[in-house]
Amino acid sequence: MITCVAVVPYPPLLVPALTVRADAETARLRGACSRAVSSLTEQAAEWVAVGADRSGPAVLGPDSAGTFEGFGVDVRVTLGGTAPTDPELPLPALITGLLRDQAGARSASVRLLAPGTPPEESRRLGESLAAESTGLLVLADGTNCSDERSPHPPDERAGQLDEQIRTALADVDTGRLQGLDPQLCAELGVEGRAALQVLPGVVAASGGTWRGELLYSATPYGVTYHVATWTRQP
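Sequence positions are assigned chain by chain, starting from 1 and proceeding in written order. Thresholds applied to this predicted model are a pLDDT of at least 70 for local features of residues and 80 or more for the giving and counting of side-chain atom pairs; totals over whole chains, interfaces and linings are not thresholded and use all residues. Calculated side-chain values reflect all of the structure's heavy atoms, with hydrogen atoms and water omitted.

A. Structural detail: the overall build of the chain. Scanning the chain for helices and strands turns up eight helices and nine strands. When we talk radius of gyration, it's over C-alpha atoms, and the globule rule is simply 2.2 Å times the number of residues to the 0.38. For the chain, whose C-alpha radius of gyration is 16 Å, the value lies close to the compact-globule estimate of 17 Å for 234 residues. When the backbone C-alpha atoms are referred to their principal axes, the chain occupies close to 45 × 40 × 30 Å. Exposure is judged per residue with a 1.4 Å probe applied to protein chains only, and the accessible area is read against the type maximum: over 50% gives exposed, under 20% gives buried, and values in between give partly exposed. Each of the 234 residues in the chain was classed as buried or not, and the buried ones make up 52%. Look at the contacts in the chain between residues 6 or more apart in sequence, and 71% of them connect residues 24 or more apart. Taking the 18 positively charged and 28 negatively charged side chains of the chain as two groups, their mean positions are separated by 4 Å. Every helix listed is a DSSP run of H or I at least four residues long, and every strand listed is a run of E at least two residues long, numbered separately from the N terminus. By definition, residues are in contact when any of their heavy atoms lie within 4.5 Å. Two residue types count as positive, namely Lys and Arg, and two as negative, namely Asp and Glu; His and chain ends fall outside the count. Note on charges: their place is set at NZ of Lys, CZ of Arg, CG of Asp or CD of Glu.

Put into structure tokens, the structure is as follows:
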């Protein structure tokens with residue numbers, strides 16, 4: 001049964017080789033992600049990761065491997081096996097491989113959902129995953145239109161949506177996550193919304209009491225990133 005969850009963003013800036021000199025905010029973000037996935041490995045040597053990508057729905061096994069060459073540096077990562085490098089491996093899988101290696105997890109498989117996956121379909125996936133004896137890694141960024149540094153024009157709705165996600169992760173509020181509006185999330189750049197909505201299904205199927213810890217929540221470069229862990233209490 002899944003008893004531990006880590007929620008992390010998946011920007012390429014998590015890759016040390018892609019930045020000549022990391023500033024303090026980048027170091028904070030990377031440190032929070034490292035703490036989140038290290039706590040996951042303490043509970044489970046094998047992971048299942050869930051992210052959203054336009055190539056989904058798809059399942060990538062532990063033998064998958066890829067490279068960040070498309071982002072500027074040939075940093076190779078693997079989900080645990082020795083397969084040849086796939087130059088088209090999606091970013092959520094690349095970040096999973098990076099974090100798996102950093103945390104020392106044995107292997108990871110990746111479930112990629114289409115960004116427009118309906119909330120109930122995401123929930124059903126969570127229910128089906130709950131019985132697995134693995135750690136769960138959820139990859140999702142926040143909004144990308146909060147201020148003048150954002151890649152898209154600022155939208156006054158972004159702050160409220162990020163607060164909904166932030167509060168849900170801190171409080172293990174599955175109702176708030178289930179209530180994320182697909183259209184609003186698409187408009188404000190939360191492409192990982194479908195991955196976040198797997199969590200209500202996991203919690204419902206696992207039962208028990210869960211504790212959440214918000215390790216990071218900020219908008220350092222115009223995109224909001226949230227890092228959190230959820231743990232099912234004995």
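B. Main features of the pairing of strand S9 (residues 225-232). Where burial is concerned, most of S9 is hidden: six out of the eight residues are buried. Here eight bridges tie strand S8 (residues 210-218) to S9, and the two strands are oriented antiparallel to one another. Its bridge partner lying in S9, tyrosine 216 is registered against valine 227. Note on pairing: DSSP must find at least two bridges between two strands before they are called paired. The loop that links S8 with its antiparallel partner S9 comprises six residues; one of these, glycine 222, has a positive phi angle of about 90°.

C. Highlighting the side chain of arginine 100. Its location among the elements puts arginine 100 in helix H2 (residues 91-103). Here a polar contact is taken to be a pair of N or O atoms separated by no more than 3.5 Å, where protein atoms must pair a possible hydrogen donor with a possible acceptor and residues adjacent in sequence count only if both atoms sit in side chains. Among the polar contacts listed, one links the side chain of arginine 100 to the backbone oxygen of alanine 105, at a separation of 2.9 Å. Residue contacts for arginine 100: discarding those within four places in its chain leaves Trp47, Thr78, Leu79, Gly80, Ala105, Arg106, Ser107 and Ala108.

D. Up close: the side chain of arginine 193. Positionally, arginine 193 belongs in helix H7 (residues 193-196). Among the polar contacts listed, one links the side chain of arginine 193 to the side chain of glutamine 197, at a separation of 2.8 Å. Those residues in contact with arginine 193 that lie beyond four places of it in its chain are Pro115, Gly116, Thr117, Pro118, Pro119, Leu180, Pro182 and Cys185.

E. Local environment of the pairing of strand S1 (residues 4-8). Most of S1 sits out of view: five of its five residues are buried. Examined bridge by bridge, S1 and S9 share four bridges and lie antiparallel to one another. Residue pairing across strands places valine 7 opposite alanine 228, the latter belonging to S9. Pairing analysis gives four bridges linking S1 to strand S7 (residues 135-139), with the strands arranged parallel. In the sheet register, valine 7 faces S7, and the bridge partner there is valine 138.

F. View of the sheet that holds strand S2 (residues 46-52). The seven strands are arranged S3-S6-S2-S7-S1-S9-S8 in an open sheet whose pairing can be described as mixed. Looking at strand neighbours, the two that pair on one side only are strand S3 (58-60) and S8, the edges of this open sheet. Strand after strand, the sheet turns through a mean of 15° between neighbouring axes, direction not considered. The angle between two axes is taken between their N-to-C directions and runs from 0 to 180 degrees, where each axis is a line fitted to C-alpha atoms and a helix contributes only its stretch in contact. Along the sheet, helix H3 (residues 119-129) contacts S2 and strand S6 (107-113); its crossing angle with S6, the most-contacted strand, is approximately 155°.

G. Representation of helix H1 (residues 24-43). How far a helix is expected to stretch is found by multiplying one less than its residue total by 1.5 Å. Taking 1.5 Å of rise per residue, 20 residues should cover 28 Å, and H1 covers 29 Å from first to last C-alpha, within 8% of that figure. Those residues of H1 that sit buried are Thr26, Leu29, Arg30, Ala32, Cys33, Ala36, Val37, Leu40 and Thr41. Contacts from the buried residues of H1 go to S1, S2, H2, S7, S8 and S9. Its side-chain oxygen 3.3 Å from the backbone nitrogen of glutamate 25, aspartate 23 forms the N-cap of H1.

H. Focus on the packing of H3 against helix H8 (residues 199-206). Relative orientation of the contacting elements H3 and H8 amounts to 40°, with a least axis distance of 6 Å. For the element pair H3 / H8, the angle class is oblique. Regarding H3 and H8, the two cross each other, and that crossing is right-handed. Note on element contacts: H8 touches H3 through Pro200, Gly201, Val202, Ala204 and Ala205, opposite Arg123, Gly126 and Glu127. Each residue belonging to the contact of H3 with H8 can be placed in one class, and the counts come to four nonpolar, two polar and two charged. We call two directions roughly parallel when the angle between them is under 35 degrees, roughly antiparallel when it is over 145, roughly perpendicular when it lies between 65 and 115, and oblique otherwise. Crossing handedness follows the turn of the near helix against the far one: under a right angle anticlockwise gives a left-handed crossing, and clockwise gives a right-handed one. Under the grouping applied here, Gly and all other residues not named as nonpolar or charged are polar, the nonpolar ones being Ala, Val, Leu, Ile, Met, Phe, Trp, Tyr, Cys and Pro and the charged ones Asp, Glu, Lys and Arg.

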